[in-house]
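Understanding the architecture of this molecule
Below are the chains, spelled out letter by letter.
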Amino acid sequence: MGLVANSIGHLIARYLGKPETGYHEFVPGRADALAAVLRPGDVVLIEGNSHIAGIIKYLTQSTWSHAALYVGPIGDRVSASGEPLTLVEAELGKGVVAVPLSKYGNAHTRICRPIGLSDDDRASVVNYACERIGFDYDVKNILDLARYLLPMPVPRRFRRHMLAMGSGHPTRIICSALIAEAFQNVRYPILPKATRAESAAERAEIMEIRHSSLYAPRDFDISPYFQVVKPTIERGFNYKSVAWADLPDAEPVTLVPEDMAEKTAA
């Protein structure tokens, strides 16, 4: 029965991984602009244009359908074109893989940076993700998501729970769960539940970590413990330099100032 479910899951995965027609990025990114500001431990959120991206965006009521962890160059590993592999992600149909930054150079992305993370814990987060390269993608989770291909209304209160119905197998994982586990490994909060101790002596806030399978890409965006980093603003932006259509003589705006672009290239 497990083999049948796996086979069906992979067939569905192939369909869900296909890009949707008529999709255009609203705010395309640039790999060099991302590279200029990214630090190991940063979470990169991607809008995505596949069938499964549309499902995840609908379920989570969010722009973001995918998440990857920036780990920096992984030893001497490079892509087929010779570019360093700097992102670790759990990709549908491939499992946990390392990919170059250029994969999302033209995508709509957002950088979420953990605040106050120590150097040792940052290294632990990065190593945790890198050590899981080669793990399988949780196909059981895809079978659960497949029900949304049918035109049936789903109450909002059930959506997040249905995202958390994966196999639970320790070597199978989905994109947001991989990153959530890496941060939970060092006890860094994302969206913990908070309760208050009913004590006259002390009403302390107690953090309770959620199970990693309950996280979606958007949770890193709305987390109060992650800072949104925008390359355009981070590296300098002058609204006077925007090349408006009715001002043909204006200097075009750049995502990365020339001095920073030279440092990045060096």
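Rules and cut-offs
- Residues numbered from 1 in each chain as written.
- Predicted model: local features only at pLDDT ≥ 70, side-chain atom pairs only at ≥ 80, totals over all residues.
- Heavy atoms only, no water.
- Pairing = 2+ DSSP bridges.
- Helix = DSSP H or I, 4+ residues; strand = E, 2+ residues; numbered from the N terminus.
- Axes fitted to C-alpha atoms, helices over the stretch in contact; angles between N-to-C directions.
- Contact = heavy atoms within 4.5 Å.
- Buried < 20%, exposed > 50% of the residue type's maximum accessible area, 1.4 Å probe, protein only.
- Polar contact = N/O pair within 3.5 Å; in protein donor to acceptor, adjacent residues only side chain to side chain.
- Core = buried A, V, L, I, M, F, W, Y, C linked by side-chain atoms within 4.5 Å.

**Examining the sheet that holds strand E5 (residues 109-114)**
In space, the six strands of this open sheet follow the order E4-E3-E2-E1-E5-E10, with antiparallel pairing throughout. Every interior strand has two partners, whereas the edge strands, strand E4 (95-99) and strand E10 (226-229), have only one. The mean inter-strand angle of the sheet, taken between neighbouring strand axes irrespective of direction, is 30 degrees. Bridging between strand E1 (residues 43-46) and E5 involves four bridges; their strand directions are antiparallel. Counted as the bridge partner of Ile-46 is Thr-109 from E5. The strands touched by helix H4 (residues 119-130) are strand E2 (66-70), strand E3 (87-91), E4 and E5; relative to E2, the strand with the most contacts, the crossing angle is about 120 degrees. Of the strands in this sheet, E1, E2, E3, E4, E5 and E10 are in contact with helix H7 (residues 175-184), which crosses E2 at around 40 degrees.

**A short note on the environment of Glu-89**
Relative to the assigned elements, Glu-89 resides in strand E3. Judged by its relative accessible area of 0%, Glu-89 is buried. C-alpha of Glu-89 to C-alpha of Ile-174: the two residues are 85 residues apart in sequence and 8.5 Å apart in space. Ignoring anything within four residues of it in the chain, the contact list for Glu-89 reads His-66, Ala-67, Ala-68, Gly-95, Val-96, Val-97, Val-99, Lys-103, Tyr-104 and Leu-178. Looking at Glu-89, its side chain comes within polar contact range of the side chain of Tyr-104, at 2.5 Å.

**Some details on the nonpolar core**
Core analysis: the biggest nonpolar cluster contains 36 residues, and Val-43, Leu-69, Val-88, Phe-183, Phe-220 and Phe-226 have the highest contact counts within it. Elements with a contribution of two residues or more to this core: E1, E2, E3, E4, H4 and H7. Among the elements that take part in this core, H7 stands out by supplying seven residues, more than any other. Leave out the neighbours within four places in its chain, and Val-43 touches Ala-67, Ala-68, Leu-69, Arg-110, Ile-111, Cys-112, Ile-179, Phe-183, Phe-220 and Phe-226. Counting 16 residues, the second largest nonpolar core, distinct from the first, contains Leu-38, Ile-46, Leu-87 and Val-97.

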